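Fold and contact review
Here is how the chains run, residue by residue.
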Amino acid sequence: MTRENPKVEEADESELEVSGHPKTWAAGVPGVYHSMQPALKHMGVGRAGKTLLALNQKDGFDCMSCAWPDPGHRKTFEFCENGAKAVTWEATPVVIGSDFWAEHPVSELRKRSEYWLGMQGRLTEPVYRKAGEDHYRPVSWDEAFRIVADKLKSLPSPDEAAFYTSGRTSNEAAFLYQLFIRAYGTNNLPDCSNMCHESSGWAMGQTIGIGKATVSYDDFGKADLIIIMGQNPGTNHPRMLTALEEAKEAGCSIVAVNPLPEAGLMRYKNPQKVKGIIGRGTDLADQFLQIRIGGDMALLQAVSKRVLDAEAANPGTVLDHAFLEEHCEGLEELRAHLANLDDAAVLEATGLRAEEIDELAARYLAADKVIITWAMGVTQQKKGVATIKEIINLLLLRGNIGKPGAGASPIRGHSNVQGDRTMGIWEQMPPAFMDALGKEFNFEPPRTHGYDAVETVRRMADGSIKAFIALGGNFVGAISDTTAAEAAMEKTELSVQISTKLNRSHTVTGTEALILPTLGRSEIDRQETGPQFVSVEDTVCAVHASHGTVEPVAPGLLSEVAIVCRMAEATVGGRTTADWAGFEKDYDLIREHISHVVNGCEDYNRKIRQDGGFILPNGPRDSRTFHTPTGKAILTVNELEHVQRPEGTLILQSMRSHDQFNTTIYGHNDRYRGIKKGREVVFVNPEDLTELGIADGDHVDVRGVYPDNVERVLRNYRVVSYPSARGCAAAYYPEANVLVPLESVAEGSQTPASKAVIVKLEPVG
Ligand SMILES: Nc1nc2c(c(=O)[nH]1)N[C@H]1C(S)=C(S)[C@@H](COP(=O)(O)OP(=O)(O)OC[C@H]3O[C@@H](n4cnc5c(=O)[nH]c(N)nc54)[C@H](O)[C@@H]3O)O[C@H]1N2
Ligand SMILES: Nc1nc2c(c(=O)[nH]1)N[C@H]1C(S)=C(S)[C@@H](COP(=O)(O)OP(=O)(O)OC[C@H]3O[C@@H](n4cnc5c(=O)[nH]c(N)nc54)[C@H](O)[C@@H]3O)O[C@H]1N2
Ligand SMILES: [Mo]
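Residues numbered from 1 in each chain as written. Chains lettered and ligands numbered in written order. Predicted model: local features only at pLDDT ≥ 70, side-chain atom pairs only at ≥ 80, totals over all residues. Heavy atoms only, no water.

Looking only at helices and strands, the chain has 32 helices and 33 strands in total. The C-alpha radius of gyration of the chain comes to 25 Å, within 12% of the 27 Å expected for a compact globule of 765 residues. Projected onto the principal axes, the alpha-carbon positions of the chain cover approximately 75 × 65 × 55 Å. Burial status across the chain gives 65% buried among its 765 residues. Pairs at least 24 apart in sequence give 79% of the contacts found in the chain among residues at least 6 apart. As displayed, the chain offers around 26100 Å² of accessible surface, 52% of which is attributable to carbon and sulfur atoms. Across the chain, the centroid of the 79 positively charged side chains sits 3 Å from that of the 103 negatively charged ones. (Helix = DSSP H or I, 4+ residues; strand = E, 2+ residues; numbered from the N terminus. Rg over C-alpha atoms; globule rule 2.2 N^0.38 Å. Buried < 20%, exposed > 50% of the residue type's maximum accessible area, 1.4 Å probe, protein only. Contact = heavy atoms within 4.5 Å. Areas by Shrake-Rupley, 256 points an atom, 1.4 Å probe, with all protein chains shown as cover. Lys, Arg positive; Asp, Glu negative; His and termini not counted. Charge placed at Lys NZ, Arg CZ, Asp CG, Glu CD.)

If you want it as structure tokens, here you go:
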């Protein structure tokens, strides 16, 4: 039933349609309709039913579209429109046949869009691009692993290789992958998290001793106030809207802080309820703060200052003194620092009125239990780490960490990005983990820190990284400064991509390149001891099993676990006590080792088989235990700074449309923002347009404005007049990555500052 090489047309941007106004609601009947349509069309009713019904069910597989948790009370259809798109994209039985590689030279594939590449179908056999050749050709698995092992063994130092991980990889594959890499001898483990929630990990690690959410799923239903900052749940975490609706029904207020009036934040029609189908839905946000890009740090400081002022006016009644005294340090320093907060600077940074900030402070003071959630609008900023530290400050002041209905909640992106970290995918895992790993497998893991994503590009560029291996993802598509990143990748000697589908990173390669095709999460993973399941961790630290349910799209595919095992056996077999051949046959053996090495995973094989899995321990959440050097949560002082905008420029954020998953483009519509049949648009506030003398519908070059004077430009983009905050523009990622300089990163975390790019619009034609 598989099909080969469908005819896929590139989008014709001249057909772009703009409806002129954003939608004010998300989901409802159109959501369900849209979600079912692609699945039925491409997969046939049987396969579509099997996959969609298995999504997020007890014996089914974990949805790969985001890391939002499953409620304890699952509904049959615990999926959303964008989850359905992700599953369809993966499980559609369209495959790339052997003749594809002879027909399409790499130089031609390189001109193709991400959309076209992804739509060619699933990769089914290993292919190799030899030095000097413009074509990939099929190779056997054995030959592929030999090529990898020969190259890795030939490098003078293991630190001349880097091993990337994207966040779909299961716990089992991730654990083995980092073991393989450390047995090989390096900590060069850049991952997608470096470009995503790294700022959250840094800020939370330093202040409360753990880089993960301090809430569980049920806390959302118990909160009095939920503040959502820099996140677009209607598109990127649609199932979160159900939890928000439930919270509202229980009396919770919701505040949205965003430069854009995103549909899902304003109103929600629940497709699982009659009211959502026929009514106007639930008004979600009680307050919408249309903040300037990068203004969140100022807003948070201003709210904390109002909290401290309220305490000063009524001593002993506002702060949670018992909590602060027993569990925190740094209150006096914070008080002294905020006493001098420059109100004018706050208004300039945020673009808000003082009364709006007063209202938010009043809401915060009126609430006993507060959750603050955030995503990329906060983390991908120069001051991302400091901003998240201010979130922690505000929560700590009134004891909003470690009590029911309250906490800090970074909402993670990739469905297992958090689990991968738990399993050791990090360029700087702590010594205790290394000790346990070395002891378990009888070897000495390397101790010096490795390179993160941005550093990996720098090192490829200067020639010191010669081999690049990626377990999933699309590194050159996802990282900033596309032109520089691609040039860097081309300087490597070997690049290897373990992938389900084609993307940009298969077309911009090292001197030699390999593509190793793998099973997707939706597919049955049969090994010698029978079908295997894997495990994943969601954004609130819940770990559960994921069972593939449909037949693999092609017979020759290996699982990620099998690929890692064979690559390891060929490269580092015998260097440790790891039984690589045994792991591939029986994933319980891997989990047995995980239970000895990874904190909180003791007795993993039993706990993972429990109904719904288990929740990892979390000091702040469970017992107000903070693993910081002093054992206390730390209130921090952060110097206020905001993004400066030279005259004539705008601050541009790069964001996701409704029809994409990261660099994977499903289609060319962005339904909630009124865009159809195109992606080459730049959204600009109407008053800014007037000031710039540019009109809606004009075409412009969007040019990055940075002191290094490197040309970074998006050509011929259509201007869309859109109610963004003043001075703030938006365009879609990954295209906009050409505008982000590699050196423009968050201080501390090195996360590319993809949400604050200084640009100029230059009219064309
Ligand atoms: N369907 C779908 N689901 C996904 C993904 C996908 O691509 N498609 N990606 C997954 C991944 S890996 C991730 S990390 C998440 C991403 O989830 P999001 O973080 O929601 O993704 P973005 O589209 O980058 O949206 C950023 C939001 O931040 C706002 N914003 C921008 N700048 C600022 C600012 O300075 N301050 C504030 N307060 N807001 C700002 C933008 O207007 C936008 O609403 O989603 C995950 N889920
Ligand atoms: N300008 C800008 N840049 C950004 C962002 C932004 O907001 N703006 N967001 C950043 C964020 S939050 C993230 S997380 C990164 C994402 O960076 P990545 O994780 O590297 O990118 P993805 O687009 O998610 O990777 C998609 C590819 O993964 C492969 N794949 C899919 N499923 C599987 C699987 O099950 N196994 C394997 N082995 N491969 C699979 C497919 O080949 C697919 O083409 O991008 C970052 N880059
Ligand atoms: Mo992400």
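And the narrative resumes.
Glancing now at the domain arrangement of the chain. As far as domains go, the chain holds domain 1 (3-91), domain 2 (94-194 + 426-518 + 558-602), domain 3 (198-414) and domain 4 (650-763). Each of domain 2 and domain 4 was reduced to a C-alpha centroid, and the two centroids are 31 Å apart. Across the contact, 17 residues belong to domain 2 and 20 residues belong to domain 4. Roughly 1600 Å² of surface becomes buried between domain 2 and domain 4 when both sides are summed, with 50% attributable to carbon and sulfur atoms. Between D481 and R712 there is a salt bridge whose closest N-O contact spans 3.0 Å. Put simply, domain 2 and domain 4 have 13 residue pairs in polar contact (both at pLDDT 80 or more) between them. (Domains from an automatic or database assignment. Buried area = accessible area lost by both parts, 1.4 Å probe. Salt bridge = Lys/Arg side-chain N within 4 Å of Asp/Glu carboxyl O. Polar contact = N/O pair within 3.5 Å; in protein donor to acceptor, adjacent residues only side chain to side chain.)

With that out of the way, let us pick up the environment of T88. Relative to the assigned elements, T88 resides in helix α3 (residues 81-91). Along the backbone, T88 and I675 are 587 residues apart, and their C-alpha atoms lie at a distance of 22 Å.

Take the sheet that holds strand β16 (residues 467-471) next. In space, the 6 strands of this open sheet follow the order β6-β5-β18-β17-β16-β7, with mixed pairing throughout. The sheet terminates laterally at β6 (137-138) and β7 (161-165), the two strands that pair on one side only. Contacts between helix α8 (residues 171-184) and the sheet are confined to β7 and β16, with β7 contributing the most and set at about 170 degrees to the helix. (Pairing = 2+ DSSP bridges. Axes fitted to C-alpha atoms, helices over the stretch in contact; angles between N-to-C directions.)

Another point: the side chain of K151. Among the structural elements, K151 can be located in helix α7 (residues 141-154). K151 gets classed as buried once you look at its relative accessible area, which sits at 16%. Engagement of the side chain of K151 in a polar contact is seen with the side chain of E493, the distance being 2.9 Å.

As a further point, take the packing of helix α15 (residues 296-313) against helix α21 (residues 384-397). One way to put it is that α15 packs onto α21 with a least axis distance of 9 Å and a crossing angle of 20 degrees. Here α15 is positioned roughly parallel relative to α21, judged by the angle of their axes. The two elements α15 and α21 cross, and the hand of that crossing is left-handed. Judged by residue contacts, D296, M297, L300, Q301, V303, S304, V307 and L308 of α15 engage A386, T387, E390, I391, N393, L394 and L397 from α21. Classifying every residue of the contact of α15 with α21 gives 9 nonpolar, 4 polar and 2 charged. (Parallel < 35°, antiparallel > 145°, perpendicular 65-115°, else oblique. Left-handed = near helix turned anticlockwise from the far one by under 90°. Nonpolar A, V, L, I, M, F, W, Y, C, P; charged D, E, K, R; others polar.)

What follows concerns the sheet that holds strand β22 (residues 542-546). Taken in spatial order, the 3 strands make up an open sheet running β21-β22-β23, and their pairing is antiparallel. Of all strands in the sheet, those bounded by a partner on one side alone are β21 (534-537) and β23 (614-615). As paired elements, β21 and β22 share 4 bridges and run antiparallel to each other. The residue bridging V536 from the neighbouring strand is H544, located in β22. Its contacts with the sheet put α8 on β21 and β22, and the angle it makes with β21 is roughly 90 degrees.

Another point: the pattern of salt bridges. In total, this model carries 54 salt bridges according to the counting rule given. In this structure, R112 engages E10 in a salt bridge whose closest nitrogen and oxygen atoms are separated by 3.6 Å. Here E10 lies in the loop between β1 (3-4) and β2 (17-18) and R112 lies in the loop between α5 (106-109) and α6 (114-118), a separation of 102 residues in the sequence. Take R112: its relative accessible area is 27%, and that puts it in the partly exposed class. Given a relative accessible area of 30%, E10 falls into the partly exposed group. Salt bridges sharing common partners tie together D701, R703, E711, R715 and E762.

Our focus in this paragraph is the nonpolar core. Formed by 65 residues in total, the largest nonpolar core has its most connected members in L152, F175, Y177, F180 and W580. Per-element accounting of this core gives the leading share, 10 residues, to α8. With near-sequence residues (within four places) excluded, F175 lies in contact with M423, L437, F441, I590, H593, I594, V597 and V598. Counting residues in hydrophobic clusters, the runner-up holds 53 residues, among them M204, I227, L289 and I291. (Core = buried A, V, L, I, M, F, W, Y, C linked by side-chain atoms within 4.5 Å.)

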